[in-house]
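Working through the structure, step by step
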Amino acid sequence: HRIGALRLGGGRDETPLGFWVAGAYGHGDWDEVDGFTGMSSRTGGATLGVDHAFGQRFLGGVSLGYLTTDLDFDRGRGEGDTTALIPSLYGSWFTPKAWLDMALSYADLDHDFDRQIEVGMTERTATGEFDAHLVSLMLEGGYDFDLGNSWELQPFGRALYADLDEDGFVETDAGDVNLEVAGRSYRSLASELGLGLTARRKHKGTSFAPRFRLAWLHDYAIDDREIRASFTGASGDPMRLVGPEVAQDRARIEAGLSATRGKATGSVAFFQELSGEYDGGGIVLSFGRQF
């Protein structure tokens, strides 16, 4: 969103250094699938960044983000909290019509959760915590076609690769039905193809750029995300658990507005994602200034 807002605002002037801050809020709801309990999530966070233009075609920057996510499982089956600290490197190559953006991120995640268990007529609550580490790489490219009257059509494509390592853990507080879960690693690869429509307007010294995007997201499911777990009160080989079969395709709708006045640029974007068993969306706000 930072690079896109800057590009829509007309890019840099003669000052190459810029600072920015962004805030985000998102929500998601997953239906019950294949006997796996449905859940909902709420995520909020903020990011600070600084970037520098190198000539008329390149931009590079660093950022540091903090996110927190609350998970609630349906029918009171449990809840969880996740916090993430996310340093990133990003860059962009662009011309008046084409662009190629890149972001490399590392996330240090802390998970805390509780799980409700029914044992006969007795209810127990298992609790646990574990750490995880995520490395991701994003690439996006596109081209602006002039439609006349300051309107532009923008076909674009995006690829996202992620590598996640989760530590193993042992639950507590539920006796012999506590789970011992082995650490795991898995990878994901997803793509996004879409069309954007942007208008450029100017009023009393302020440039405005409303934008609309429609995209198709596809998850290539390159790993099965298997979990190995065993009850602490039982012997034998661990269970092999595989998550539910979920839709690999989603639709994403986005509407936003960027505004630039002098050396300051602000933007707001709303998005919504839809698939067979998932419904989620959110808002991203950002403000930046050149110095």
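Residues numbered from 1 in each chain as written. Predicted model: local features only at pLDDT ≥ 70, side-chain atom pairs only at ≥ 80, totals over all residues. Heavy atoms only, no water.

1. Let's talk about the overall build of the chain
Counting secondary structure elements, the chain contains one helix and 18 strands. Here the chain holds 291 residues, and 37% of them are scored as buried. For the chain, the computed accessible surface area is about 15900 Å², with 60% contributed by carbon and sulfur atoms. Taking the average place of the 27 positive charges on the side chains of the chain and the average place of its 45 negative ones, the gap between the two points comes to 14 Å. (Helix = DSSP H or I, 4+ residues; strand = E, 2+ residues; numbered from the N terminus. Buried < 20%, exposed > 50% of the residue type's maximum accessible area, 1.4 Å probe, protein only. Areas by Shrake-Rupley, 256 points an atom, 1.4 Å probe, with all protein chains shown as cover. Lys, Arg positive; Asp, Glu negative; His and termini not counted. Charge placed at Lys NZ, Arg CZ, Asp CG, Glu CD.)

2. Looking at the environment of Arg57
Relative to the helices and strands, Arg57 resides in the loop between strand S2 (39–54) and strand S3 (58–73). Beyond its immediate chain neighbours, meaning those up to four positions away, Arg57 contacts Ser92, Trp93, Phe94, Thr95 and Pro96. (Contact = heavy atoms within 4.5 Å.)

3. Focus: a nonpolar patch on the surface
A grouping of Val62, Leu89, Met102, Leu104, Tyr106, Val135, Leu137, Leu139, Tyr161, Leu189, Tyr220 and Ile222 is seen on the molecular surface, where their side chains present a nonpolar patch of about 940 Å² in accessible area. Elements with a contribution of two residues or more to the nonpolar patch: strand S5 (98–119) and strand S6 (122–143). Along the chain, Leu189 turns up in strand S11 (residues 184–199). Overall, Leu189 belongs to the partly exposed group, its relative accessible area being 31%. (Patch = residues over 30% accessible without salt bridge, like charges linked within 9 Å, V, L, I, M, F, W, Y side chains within 5 Å. Salt bridge = Lys/Arg side-chain N within 4 Å of Asp/Glu carboxyl O.)

4. Concerning the packing of aromatic side chains
Using the criterion set out here, one finds seven aromatic pairs in the structure. With a centroid separation of 5.4 Å and 70° between ring planes, the pair formed by Phe113 and Phe169 is classed as edge-to-face. One end of the pair, Phe113, is in strand S5; the other, Phe169, is in strand S9 (residues 169–170), with 56 residues separating them in the sequence. Using a relative accessible area of 15% as the deciding quantity, one classes Phe169 as buried. Taking the centre distance of 4.9 Å and the plane angle of 55° together, the rings of Tyr143 and Phe145 count as tilted. Overall, the relative accessible area of 42% leaves Phe145 in the partly exposed class. (Phe/Tyr/Trp six-rings, centres within 6.5 Å; stacked < 30°, edge-to-face > 60°.)

5. Comments concerning the side chain of Glu152
Note on placement: Glu152 falls in strand S8 (residues 151–166). In this structure Glu152 comes out as buried when scored by relative accessible area, which is 11%. A polar atom in the side chain of Glu152 sits 3.2 Å from the side chain of Arg200. With sequence-adjacent residues up to four places away left out, Glu152 is seen in contact with Asp144, Phe145, Leu147, Gly196, Leu197, Thr198 and Arg200. (Polar contact = N/O pair within 3.5 Å; in protein donor to acceptor, adjacent residues only side chain to side chain.)

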